[in-house]
Amino acid sequence: MQKKSASTYILFIILLLASIVVVMPFVLMITASLKTSAEINASVFKFFPAKMQFSNYPKAFANSPWGRWFANTIFVTVLATVVSLVTNSMAGFSFARLQFKGRDLLFYSVLLGIMVPPQLTILPTFLIMRGIPLTGGNNLWGQGGTGLIDSYLGLTLPIFAGAFGIFLCRQYFLNFPDSLDDAAEIDGAGVWKRFWAIYVPNSKPLLLSLGILKGTYTWNDYIWPLVVVYSEKMMTVQLGLSRFRDVIINWELLMAATATVMLPLVILFILSQRYFVSGLVTSGMKG
Amino acid sequence: MKYKHNISGHLMILPCYVIYLFFVLLPVLMTVWFSFRDYDLFTQSNFVGIDNFTRLFTDPLFLVSVKNTFIYALGTIIPQILLGLLLAVLLNTNIPGRGFFRLAFYIPYLVSMVSVAMLWLWIYDPASGVLNRFVKFIGLPPQRWLFDMKLALSSLMVMGVWKMSGYNMIIYLAGLQQIPPQLYEAADIDGISGFRKFLHITIPLIQPTTFFLVVINTIQSFAVFEQVNIMTDGGPSNATTTIVHQMYERGFVDFQMGYASSMGVFLLLITILLTVFNFKYGREGQDLS
C-alpha cells in the first residue's frame, strides 16, 4: 500500500509538470495580452504585468470590422451546424434503418470520403462554387459571374454534409432495437414520422456531439474561408486574426485578439465537455 | 429489416448525398481531370497529357516540399501517438485531478490552428519571444527559431505535436476503457508486474485504436498547411514549404490550376498508399493478438 501511494504521488507530479508545460502558452498569452508593449519587449521578463492593460482588448479590435467578423462567424457556424445536423441525421437514419436500392454501394462511396483530406479538394471546390448557375451574376451554364464565391452560402454549402457526420449518425442509429421499427410500422407510422417522432428525440447525445464537432470545425476553419472569401465584409474571425499580424505587429494586441477568438470555444467546451468527448470517442472507436 | 423504403430511403439521403457528391467526390475526380490539363482559372483549359507530372519530378521546389512533408509527418506521427498513449495510460488510473489533466492536455487540440499559430509566433519570436528568454535563462544561446533554415521545420513539428497529442490521448482513453478489468485482476493474482501488464495486455488490446490513430495522424500530417501558410509562408528559403502549401501557392497565387491539381493527385496517391499499407499492417498485427 505504501509503495502504491508513493508511485501515485510521483505520477501526479509528472502529470502536473506536463500539464503546466502544455497549458503555459495559453497562460502566457493571457498575461501578454494585459501587458504594455514596453513590458513585452523589455529585456527583463516579468510574468505578471505591472498594471493590467484591459484596454488592449478594445484597442485590438478598434481598427478592423471585428464586430462584423464575429457576427459572420457566429452566423456561418450556426447555419452549418443546424443544416448539417438535419441532413446528416436523415442520411444516417436512412442508411441504418431503411432498405432501398443501392444503399450499400452509396454507403461505401461515403466511407471513401473519410480518407480525403479537405485540403486536397479546395481547388476544384472553388471552381464548382464559382460555376454554380444563376448565382453571383452567373448565367444558366454557370458562366459570366462569380457564383457563390464570397457569399454565406459559399462559406457553408460544402460543409452541410460530410462523410464523417453520415458515418457517425449511421453508427448511432444502428444501435436502436428492431422492435421499435416493428411497433411503429404496426401503428401505421410512416418512415418520416418515425424519424422525427422517435429517432430524433431519442438522439440527444448524438446530435449534441455532432453539433459540437461541426460547430468547432466551422468556427476554427481557415483554409476554405481563405479561398472562398474575397471581401473584408465576408471575412470570418480566423481570417481576421491571420490578417491581423500583417497590419499590426504589437504582440500584446495580437494576443488579446487571439484570446478573444478562442474564448467562445473554450466556454462551449467547459459547458459541454461530456458531449465533446463522447463525439470524438464515437468517431474514434468505430473508425 | 423486412420493409422496403425505396422512395423515402432515397429522399432522406438525397440532400446529404448531393452535397457530398458535389463537394467531396466530384472534386476528387476534378483534381484528377485537371492534373492532365493546363488551366489558369480564366481561359479554356487544354489537355497536356502527363506534362504536369513530368514537371513535378523535375521541379526542385516541389521535391523540397515532398521532402519537408515526409520529415514533418515522420517527426510528428510517432511522438503524437506515443505521448497520447502515455498520457491516456497515466490518466486511466485513479489519479487525483484527472479531470483537470484531461482538460489541460486537450485544449491545444480544441482551439484553431490560426490561434495556435499566432500564439507560437510570439513564443518563437527571436527578440521578445518567451522561448528565447527561457533558453537564455538556462544558459543556452538564443535561436532564430522560425527564421533559421535548420530549425524552422522542427519548430513547426514541436508545435504540431503539442497540438495533436491531446486528441490521441482522448481516443486512447476511450480504447483503454473498453478493456475488461478482469484481465488486469487476473494478472494481479498471478503477480505480473505493471510494465508487463502494459506490454502483454494493454498494448495488444488497444491495437485497433492504435491502428485508427496511425491512419488519422498520417492523413493529417501529410496534409499540413495552415501553420506553414500563417507562420513561415514556406520560408526561410523554402525550408518549411509542404505539398499542400505548394499546391495552394501554384493554384491560388500563380493560377496554375492544372499543375496544382497534379500535386493534389500526388498527395492523394501517397495518402491512399499509406492508408492501404496501414490497413495491411494493422490487419496483420490484429491476427497476432
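The rules behind each value
Residues numbered from 1 in each chain as written. Chains lettered and ligands numbered in written order. Predicted model: local features only at pLDDT ≥ 70, side-chain atom pairs only at ≥ 80, totals over all residues. Heavy atoms only, no water. UniProt positions renumbered as here; feature names shortened; annotations may be inferred. Helix = DSSP H or I, 4+ residues; strand = E, 2+ residues; numbered from the N terminus. Salt bridge = Lys/Arg side-chain N within 4 Å of Asp/Glu carboxyl O. Patch = residues over 30% accessible without salt bridge, like charges linked within 9 Å, V, L, I, M, F, W, Y side chains within 5 Å. Areas by Shrake-Rupley, 256 points an atom, 1.4 Å probe, with all protein chains shown as cover. Axes fitted to C-alpha atoms, helices over the stretch in contact; angles between N-to-C directions. Parallel < 35°, antiparallel > 145°, perpendicular 65-115°, else oblique. Left-handed = near helix turned anticlockwise from the far one by under 90°. Contact = heavy atoms within 4.5 Å. Nonpolar A, V, L, I, M, F, W, Y, C, P; charged D, E, K, R; others polar. Polar contact = N/O pair within 3.5 Å; in protein donor to acceptor, adjacent residues only side chain to side chain. Disulfide = S-S within 2.5 Å. Buried < 20%, exposed > 50% of the residue type's maximum accessible area, 1.4 Å probe, protein only. pLDDT = per-residue confidence, 0-100.

Let's shift gears to the UniProt feature "transmembrane region" (unreviewed entry) in chain B. Residues and elements named next belong to chain B. Following the UniProt record, the feature "transmembrane region" (unreviewed entry) maps to residues 12-36, 70-91, 103-124, 205-225 and 257-279 here. For the annotated span residues 103-124, helix accounts for 86% and strand for 0% of the residues, and the straight-line distance between the end C-alpha atoms is 25 Å. Regarding residues 257-279, the helix share stands at 100% and the strand share at 0%, and the terminal C-alpha atoms are separated by 32 Å.

Scanning the entire structure with this criterion turns up eight salt bridges over all chains. Across the pair arginine 243 of chain A and glutamate 232 of chain A runs a salt bridge, and its minimum N-O distance is 2.8 Å. Linking arginine 243 of chain A in helix 13 (residues 237-247) with glutamate 232 of chain A in the loop between helix 12 (223-228) and helix 13, this pair joins segments that are eleven residues apart in sequence. Residue arginine 250 of chain B is joined to aspartate 254 of chain B by a salt bridge in which the shortest nitrogen-to-oxygen separation is 2.6 Å.

A surface patch of nonpolar side chains, amounting to about 1100 Å² of accessible area, comprises Ile74, Val78, Val82, Val86, Trp192 and Trp196 of chain A together with Ile7, Leu11, Leu14, Val18, Leu21 and Phe22 of chain B. Every element with two or more residues in the nonpolar patch is listed here: helix 4 (66-97) and helix 10 (191-199) of chain A together with helix 1 (6-35) of chain B. The dominant element in the nonpolar patch, judged by the number of residues it contributes, is helix 1 of chain B, at six residues. Along the chain, phenylalanine 22 of chain B falls in helix 1.

As a further point, take the UniProt feature "domain: ABC transmembrane type-1" (unreviewed entry) in chain B. Per the UniProt record, the feature "domain: ABC transmembrane type-1" (unreviewed entry) sits at residues 66-278 of chain B. Along residues 66-278 of chain B one finds 76% helix and 0% strand; the C-alpha atoms at either end are 20 Å apart.

With that settled, consider the packing of helix 4 of chain A against helix 10 of chain A. Residue and element names in this part refer to chain A. In contact at an axis separation of 11 Å, helix 4 and helix 10 are set at 115° when each is read in the N-to-C sense. The pairing of helix 4 with helix 10 is recorded here as roughly perpendicular in orientation. Crossing geometry of helix 4 relative to helix 10 is assigned as right-handed. The residues of helix 10 that touch helix 4, namely those facing Val86, Ser89, Met90, Phe93 and Arg97, are Val191, Trp192, Phe195, Trp196 and Tyr199. Among the residues making up the contact of helix 4 with helix 10, the classes are represented as eight nonpolar, one polar and one charged.

Bringing the interface of chain A and chain B into the picture now. Contact residues are listed per partner, giving 94 residues for chain A and 86 residues for chain B. On the surface where chain A and chain B come into contact, there are zero salt bridges. Taken together, chain A and chain B are joined by 18 residue pairs in polar contact (both at pLDDT 80 or more). Take the side of chain A that touches chain B: its biggest share by element is 14 residues, from helix 1 (residues 2-33) of chain A. Per-class residue counts for the side of chain A that touches chain B are 64 nonpolar, 22 polar and eight charged.

This paragraph deals with the packing of helix 5 (residues 103-114) of chain A against helix 1 of chain B. Put simply, helix 5 of chain A and helix 1 of chain B touch, their axes get as near as 11 Å, and they point 45° apart. Compared by their axis directions, helix 5 of chain A and helix 1 of chain B come out oblique. When you trace helix 5 of chain A past helix 1 of chain B, the crossing you get is left-handed. On helix 1 of chain B, the residues touching Leu106, Ser109, Val110, Leu112 and Gly113 of chain A of helix 5 of chain A are Ile13, Tyr17, Tyr20, Val24 and Leu25 of chain B. Taken together, the residues that form the contact of helix 5 of chain A with helix 1 of chain B break down as eight nonpolar, two polar and no charged.

All names here are of chain A. Note that serine 84 resides in helix 4. Side-chain polar atoms of serine 84 contact the backbone oxygen of alanine 80, separated by 2.7 Å. Contacts of serine 84, omitting those with residues within four sequence positions, involve Ser89, Ile159, Phe160 and Lys214.

A few words on the state of the cysteines. Under the definition given, this model contains zero disulfides over all chains. Cysteine 16 of chain B provides the cysteine sulfur closest to cysteine 169 of chain A, a residue in no disulfide bond, and the two sulfurs are 8.1 Å apart. Among the residues examined, cysteine 169 of chain A registers a relative accessible area of 0% and is labelled buried. A relative accessible area of 0% means that cysteine 16 of chain B is categorised as buried.

With that settled, consider the confidence of the model for chain B. When the pLDDT values of chain B are averaged, the result is 89; 97% of them are 70 or greater. Interface confidence in the predicted complex, given as ipTM, is 0.88; pTM for the same model is 0.89.

Here we take up the UniProt feature "transmembrane region" (unreviewed entry) in chain A. Residue and element names in this part refer to chain A. The UniProt record annotates "transmembrane region" (unreviewed entry) at residues 9-30, 69-93, 105-129, 149-169 and 253-276. Counted over residues 69-93, helix gives 100% and strand 0%. Its end C-alpha atoms are 35 Å apart. As annotated, residues 149-169 has a helix share of 57% and a strand share of 0%, and its two end C-alpha atoms lie 30 Å apart.

This part covers unusual backbone geometry. The linkage connecting glycine 235 of chain B with the following residue, proline 236 of chain B, adopts the cis geometry, with an omega of -10°. Here the phi dihedral of aspartate 150 of chain A falls at roughly 65°; this positive angle occurs in a residue that is not glycine. Mapped onto the elements, aspartate 150 of chain A comes out in the loop between helix 6 (122-130) and helix 7 (152-156). Although it is not a glycine, leucine 41 of chain B adopts a positive phi angle of roughly 85°. Within the element layout of this structure, leucine 41 of chain B appears in the loop between strand 1 (37-38) and strand 2 (46-47).

Our focus in this paragraph is the side chain of glutamine 227 of chain B. Residues and elements named next belong to chain B. Tracing the chain through its elements places glutamine 227 in helix 11 (residues 226-232). Using a relative accessible area of 5% as the deciding quantity, one classes glutamine 227 as buried. Of note is the side chain of glutamine 227, whose polar atom sits 3.1 Å from the side chain of tyrosine 72. In this structure, glutamine 227 is in contact with Tyr72, Met113, Leu156, Met159 and Thr232, ignoring residues within four places of it in sequence.

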